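The primary structure of each chain is shown beneath.
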Amino acid sequence: MNILVTGGLGFIGSHTTVELIKNNHEVIIADNLINSKIEVLDKLSTITGIKPSFYQIDVTDESQVEEIFSNHKINGVIHFAGLKAVGESVSKPLEYYFNNLVSTMALSKLCVKHRVDKFVFSSSATVYGDQPSPLKEDMDLKKTTNPYGETKAMSERILTDTAHANDGFAVSLLRYFNPVGAHESGLIGEDPNGIPNNLMPFVTKVAKGQLPKLSVLGNDYDTIDGTGVRDYIHVVDLAKGHVKAIENLKNGVNIYNLGTGRGTSVLELVNAFMKVNDIDVPYEIVGRRPGDIATCYADASKAEKELDWKAELGIEEMVRDAWKFEMNNK
Ligand code: NAD
Ligand code: UFG
C-alpha cells in the first residue's frame, strides 16, 4: 500500500515508518517539524535502506495536503500529527483544539473526496478517564481532565461519524497506553523539546546528569508501592500494531487498545532502569500531579484476537533501548 503517515518524523510515527517499510509498504510522510527534526529522515533511510517521500507541510492546511493526494495514489492514512503535551494544552487550549481537530477533519474530508478508505488514528488511553483497569474498548468514555484528552475523544467522534456517513470508509481508533523505548539501532527515539513531562524521558535525562533528580509524583496511591501504575509499551511493538491495524482494517469503526495488559509502578520502572543499565537515578518523592490517576492498564485481548498482534517486548527492553537512544543521540 501507499500510506500517508502524518507526523511521520515524530516519536511513534518514525518507528511506524520503519515497520511499514519492512512490510513492503511505501510511506509518504507529512510533518511540519513542530516537534521533530529533519535529521530523522536520514536516520529512517539508514535503518531501512529506503528514503520515504517527505512533505514539510502543516496538515491543518487542506490545500497543502491535497497536493499529496494529487501526487500519489494514496491507499491509506495513518494520522499521528498532533500536539501532545497535557500541561501545555491547559494553558494553550485553542492551539490544541485547532491543530488536533482541524488536522483530523481536513484529512478525513480529503480521504472521502479522493476515495481513500483506510484511516488509522492515534488515540489515547486518556479517553477512558478515571475508571478501574483493565480498560476495555467497549467501556463508556469518561470526561478527560484536559484539552489534549478532549481532542482525542472529539477526533474519535469525528472519525466515527464520518465512517457511519460514508459507506466503505474504514477507520481504526488506536488507544495507546504509555509508549516508551526506542529502535534497537539507537538512531531514533523520543526526543522531546525542553524539560520532559513524561516519566521515561525524564529518567534518561537524570541518568545522564542533565537533570539533578527525578520527582516521583506521589506515593500515596492505592497501588503496589503507592506510586502511579501505567501500562508501558515498547514503541516498536506499538509501531507493529499499526501495520497490523492498517493491513487488517475492516469496514466501519474499529477500536483497539495497544498496550501490554500489564501495569508497572513508577518505582518499579525506575528500579528496572537502574538495574538493567547499571546506572544511578537519584529521585525524591513529592506530591501528586493534578489530574493524574492511580492506575491505568489495558485489556489488550481484542487486538490479539482480531489483529493477531500482541506486545512482545518487556520492561527490560524498554529501559535498555530508551537509555541506548539517549546515550547515542545527545
Ligand atoms: P511527537 O510529537 O513525537 O510526533 C508528532 C509529530 O507530528 C511531530 O513530528 C510533529 O512535528 C508533527 N506535527 C504536529 N502537528 C502537526 C501539523 N499540524 N502538521 C504536520 N505535522 C505536525 O508525538 P508522538 O509521541 O509520536 O505522538 C504521535 C501521536 O500519538 C500524537 O497524536 C499523540 O497525541 C498520540 N499519542 C501519543 C502518546 C505518547 O505518550 N507519546 C500517547 C497517546 C497518544
Ligand atoms: N511521573 C513521575 N515523575 C515525572 C513524570 C511522571 O512520577 O516526572 C509519574 C506519573 O505520576 C505517572 C507515571 O509517572 O504515574 C507516568 O506519567 P507520564 O507523564 O509518563 O504518563 P501519563 O500516564 O501521565 O500520560 C501519558 C501521556 C498522555 C496519554 C496517557 C495515556 O503523556 O498523553 O499516557 O495514554 F494520554
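Residues numbered from 1 in each chain as written. Chains lettered and ligands numbered in written order. Predicted model: local features only at pLDDT ≥ 70, side-chain atom pairs only at ≥ 80, totals over all residues. Heavy atoms only, no water.

Before going further, it helps to spend a moment on the site of ligand 2. Around ligand 2 sit 20 residues in total, of which Ser124, Asn198, Arg230, Arg289 and Asp292 are the nearest. Between ligand 2 and the protein, one listed contact pairs an oxygen atom with a side-chain N or O atom of Asn198 at 2.7 Å. In this structure, Asp292 approaches ligand 2 through a side-chain N or O atom, which is 2.6 Å from an oxygen atom. Starting from 690 Å² of accessible surface for ligand 2 in isolation, the protein chains cover 88%. No other element matches strand β8 (residues 214-217), which puts four residues into the shell around ligand 2. When its residues are assigned to classes, the shell around ligand 2 shows ten nonpolar, seven polar and three charged. (Near = heavy atom within 4 Å. Polar contact = N/O pair within 3.5 Å; in protein donor to acceptor, adjacent residues only side chain to side chain. Areas by Shrake-Rupley, 256 points an atom, 1.4 Å probe, with all protein chains shown as cover. Helix = DSSP H or I, 4+ residues; strand = E, 2+ residues; numbered from the N terminus. Nonpolar A, V, L, I, M, F, W, Y, C, P; charged D, E, K, R; others polar.)

A word on the layout of surface pockets. A volume near 210 Å³ is recorded for the second largest pocket. Forming the walls of the second largest pocket are Glu19, Asn23, Asp237, Lys240, Val243, Lys244, Glu247, Glu304, Asp308, Trp309, Lys310 and Glu312. Looking at the lining of the second largest pocket, the element that brings in the most residues is helix α8 (residues 235-247), giving five residues. In terms of residue class, the lining of the second largest pocket is made up of two nonpolar, one polar and nine charged. (1 Å grid on protein atoms, 1.4 Å probe; cavity = no way out; pocket = protein on both sides within 12 Å on 5 of 7 lines; lining within 4 Å. Points joined across faces, edges and corners; volume = space filled by probe spheres on them.)

Another point: the environment of Leu249. Mapping Leu249 onto the fold places it in the loop between α8 and β11 (252-258). Residue classification places Leu249 among the buried positions, given a relative accessible area of 16%. As for Leu249 and Lys310, which are separated by 61 residues in sequence, their C-alpha atoms are 16 Å apart. Those residues in contact with Leu249 that sit more than four places away from it in its chain are Lys118, Phe119, Ala170, Val171, Ser172 and Asn254. (Buried < 20%, exposed > 50% of the residue type's maximum accessible area, 1.4 Å probe, protein only. Contact = heavy atoms within 4.5 Å.)

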